[in-house]
Amino acid sequence: MIIEAEKIKDFSNKCFTKLGMPENEAEIITEALMEADLREIHSHGFMRLPIYVERMQKGLIETKANISYETDNGALALMDAGYSSGQVAGYLAMEKAIEKAEESGVGLVAVKNSNHFGITAFYSLMAAKKDMIGIVLSNVVPLMPAIGGAEKVIGNNPISIAAPTRTEFPIVADMAMSNTSFGKVLYAKEKREAIPEGWGVNAKGLPTTKPDEVINGGFLSSVGGPKGFGLALMIEILTGVLTGGAFSKMIPSMYDVNQKQSISHFMLAIDIKKLIPLELYYENINQLVSFIKNSKKAQGVSEIYLPGEIEFLKEKRNKEKGIHIEEDTLASLNKMAEQLGLSGLAPSEVTRL
Ligand SMILES: NC(=O)c1ccc[n+]([C@@H]2O[C@H](COP(=O)([O-])OP(=O)(O)OC[C@H]3O[C@@H](n4cnc5c(N)ncnc54)[C@H](O)[C@@H]3O)[C@@H](O)[C@H]2O)c1
């Protein structure tokens, strides 16, 4: 179903402000959810709105930013997000990292006591828009076992690196350390579809294509086996361990509505022009883009894409078309609206943003 972008934006803002969230903070979460759905990363779009609202109603996510800095020296800062929304904490942390990079060449803001922050590219792209390279990491609830293990000890911790180009779109790698994200398994369940082989295993460690078996007692599989596990572990160190926050088995699921989450993030901005002239950087990166885009294609392939390009093309199309929402997602959004005393959403004709 297609929902007019302006309509869902307004709906989302109203849900958060109804809970007492300041308008500018509600707009940050809405923008992050919108960006995910526009890029067709539906697993991290408006589908997550009801769980954020429920967690706010239960006092597990602060409805007003409750942020303080334990360290704020030169290029470095350590933010205590005080259980604020992950999107608000993440946005403010990257904003500060960019300011620091403008001063010092690099800016690193490490964040503890935050919440699930949605798509990682939302924050790395903030740096790319300022002629900077953005590197963003986060830890999450453990979803994968160690290599040879049969117990969840490490998250499918996401990483995103965004680099500006002078082509139509920046290059942005945005990925989790599992073969897929847990959100995509949830989304497959929502769509009542099987998941591809290799995405996860059941509680006995056996491969499965049933989303329910991964969600209920099973595990996601790490991308590239030990290599993915190693990277996920290093992200855990650069987030939960480096901030003095929670890590690994200390982090409960966002769907456990009895406990606070304590997620940590790592927001790094590198100001390119402090290292080399911007013109040289853009000349080089555009040449790199050309090497890749114009490289010899495998048989049957009509186009070679760069990381983030497919999502960019989808975003461009969906800004015209509207946001695609699954029937079950719309039902849960409308159920939540009713509880909040707000009007529900109805699918609309195709409209422009
Ligand atoms: N907040 C969290 O806790 C959390 C946890 C896990 C994942 N996530 C988010 O979930 C989203 C999905 O993660 P994922 O690992 O499933 O990503 P994915 O597998 O959909 O994409 C991974 C990367 O591969 C690139 N890519 C895909 N097809 C390509 C092609 N044909 N050619 C070139 N590049 C291509 C994409 O542009 C992207 O950069 C991400 O936005 C991630 O940040 C968030």
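Caption draft 1: Seen up close, the overall build of the protein. Scanning the protein for helices and strands turns up eleven helices and eleven strands. Relative to a compact globule of 353 residues, whose C-alpha radius of gyration would be 20 Å, the protein shows 20 Å and is just as compact. Projecting the C-alpha coordinates of the protein onto the three principal axes gives extents of approximately 55 × 55 × 50 Å. By residue count, 52% of the 353 residues in the protein fall in the buried class. Put simply, of all contacts in the protein between residues at least 6 apart along the chain, 68% involve residues at least 24 apart. As displayed, the protein has an accessible area near 16,000 Å², and 54% of this comes from carbon and sulfur atoms. Of the side-chain charges in the protein, 37 are positive and 43 negative, and the distance between the mean point of each set is 3 Å.

Caption draft 2: Quick peek at a nonpolar patch on the surface. A cluster of nonpolar side chains, Leu233, Met234, Ile237, Val241, Phe247 and Met250, forms an exposed patch at the surface whose accessible area comes to about 510 Å². Here isoleucine 237 shows up in helix α8 (residues 226–243). Relative accessible area serves as the criterion here: at 36%, isoleucine 237 is assigned to the partly exposed category.

Caption draft 3: Spatial organisation of the packing of aromatic side chains. Tallying each qualifying case throughout the model produces four aromatic pairs. Between the aromatic rings of phenylalanine 122 and tyrosine 123, the centroid separation amounts to 5.2 Å while the plane-to-plane angle is 90°, which identifies the pairing as edge-to-face. For tyrosine 123, a relative accessible area of 0% gives the class buried. Each ring, one from phenylalanine 169 and one from phenylalanine 312, has its centre 5.3 Å from the other, and the planes form 35°; the classification is tilted. Separated by 143 residues along the polypeptide, phenylalanine 169 in the loop between β6 (159–163) and β7 (171–175) and phenylalanine 312 in helix α10 (residues 309–321) bring together distant segments of the chain. The class of phenylalanine 169 is buried, set by a relative accessible area of 9%. Grouping aromatic residues by their ring pairs yields a cluster made of Phe117, Phe122 and Tyr123. Lysine 96 extends its terminal NZ or CZ atom over the ring of tyrosine 69, reaching a point 4.4 Å from the ring centre. Over the ring of tyrosine 83 we find lysine 260, and its NZ or CZ is 4.6 Å from the ring centre.

Caption draft 4: Here's a closer look at the side chain of serine 85. Examined against the element boundaries, serine 85 turns out to sit in the loop between β3 (76–80) and α4 (86–104). A polar atom in the side chain of serine 85 sits 3.2 Å from the backbone nitrogen of glutamine 87. A polar side-chain atom of serine 85 sits 3.2 Å from the main-chain amide nitrogen of valine 88. Sequence-distant contacts of serine 85, that is, excluding residues within four places in its chain, are made with Met21, Ile29, Met56, Ile61, Glu62, Ser114 and Asn115.

Caption draft 5: Highlighting the site of the ligand. Taken together, 22 residues sit near the ligand, with Thr120, Val140, Asp174, Lys184 and Gly308 positioned nearest. Here threonine 120 contributes a side-chain N or O atom positioned 2.7 Å from an oxygen atom of the ligand. Between an oxygen atom of the ligand and a side-chain N or O atom of glutamate 311, the distance comes to 2.8 Å. In the complex, 78% of the free accessible area of the ligand, which totals 860 Å², lies under the protein chains. Looking at the shell around the ligand, the elements that each hand over two or more residues are β7 and α10. Tallied by class, the residues present in the shell around the ligand amount to twelve nonpolar, seven polar and three charged.

Caption draft 6: Structural context of unusual backbone geometry. A positive phi angle is found at tyrosine 83, which is not glycine, with a value near 65°. Mapped onto the fold, tyrosine 83 is located in the loop between β3 and α4. You can call tyrosine 83 partly exposed: its relative accessible area is 21%. One non-glycine residue, asparagine 113, lies in positive phi territory at about 55°. Assignment of secondary structure puts asparagine 113 in strand β4 (residues 106–114).

Caption draft 7: Representation of the pattern of salt bridges within the structure. In this structure the tally under the stated criterion is 20 salt bridges. Arginine 39 is the salt-bridge partner of glutamate 315, the closest N and O atoms lying 3.2 Å from each other. Here glutamate 315 is found in helix α10, whereas its partner arginine 39 is found in the loop between α2 (23–38) and α3 (49–57), with 276 residues between them in sequence. Considered together, glutamate 315 and arginine 39 belong to a single accessibility category, that of buried residues.

Caption draft 8: Summary view of a negative patch on the surface. A grouping of Glu95, Glu99, Glu102 and Glu103 is seen on the molecular surface, where their side chains present a negatively charged patch. If you trace the backbone, glutamate 95 turns up in helix α4. Owing to a relative accessible area of 34%, glutamate 95 belongs among the partly exposed residues under this scheme.

Caption draft 9: Highlighting the sheet that holds strand β5 (residues 132–138). Judged by pairing direction, the sheet is mixed, and its seven strands sit side by side in the order β2-β3-β4-β10-β5-β6-β7 without closing on themselves. Both edges of this open sheet fall to β2 (68–73) and β7, since each of them pairs with a single strand only. Looking at each pair of strands side by side, their axes are set apart by 10° on average, direction ignored. As paired elements, β4 and strand β10 (residues 263–271) share seven bridges and run antiparallel to each other. Pairing of serine 114 across the sheet is with isoleucine 263, part of β10. In this fold α4 packs onto β2, β3, β4, β5 and β10, with an angle of close to 160° to the strand it touches most, β4.

Reading guide: rules and limits
Residues numbered from 1 in each chain as written. Predicted model: local features only at pLDDT ≥ 70, side-chain atom pairs only at ≥ 80, totals over all residues. Heavy atoms only, no water. Helix = DSSP H or I, 4+ residues; strand = E, 2+ residues; numbered from the N terminus. Rg over C-alpha atoms; globule rule 2.2 N^0.38 Å. Buried < 20%, exposed > 50% of the residue type's maximum accessible area, 1.4 Å probe, protein only. Contact = heavy atoms within 4.5 Å. Areas by Shrake-Rupley, 256 points an atom, 1.4 Å probe, with all protein chains shown as cover. Lys, Arg positive; Asp, Glu negative; His and termini not counted. Charge placed at Lys NZ, Arg CZ, Asp CG, Glu CD. Patch = residues over 30% accessible without salt bridge, like charges linked within 9 Å, V, L, I, M, F, W, Y side chains within 5 Å. Salt bridge = Lys/Arg side-chain N within 4 Å of Asp/Glu carboxyl O. Phe/Tyr/Trp six-rings, centres within 6.5 Å; stacked < 30°, edge-to-face > 60°. Lys NZ or Arg CZ within 6 Å of the ring centre and 35° of its normal. Polar contact = N/O pair within 3.5 Å; in protein donor to acceptor, adjacent residues only side chain to side chain. Near = heavy atom within 4 Å. Nonpolar A, V, L, I, M, F, W, Y, C, P; charged D, E, K, R; others polar. Pairing = 2+ DSSP bridges. Axes fitted to C-alpha atoms, helices over the stretch in contact; angles between N-to-C directions.

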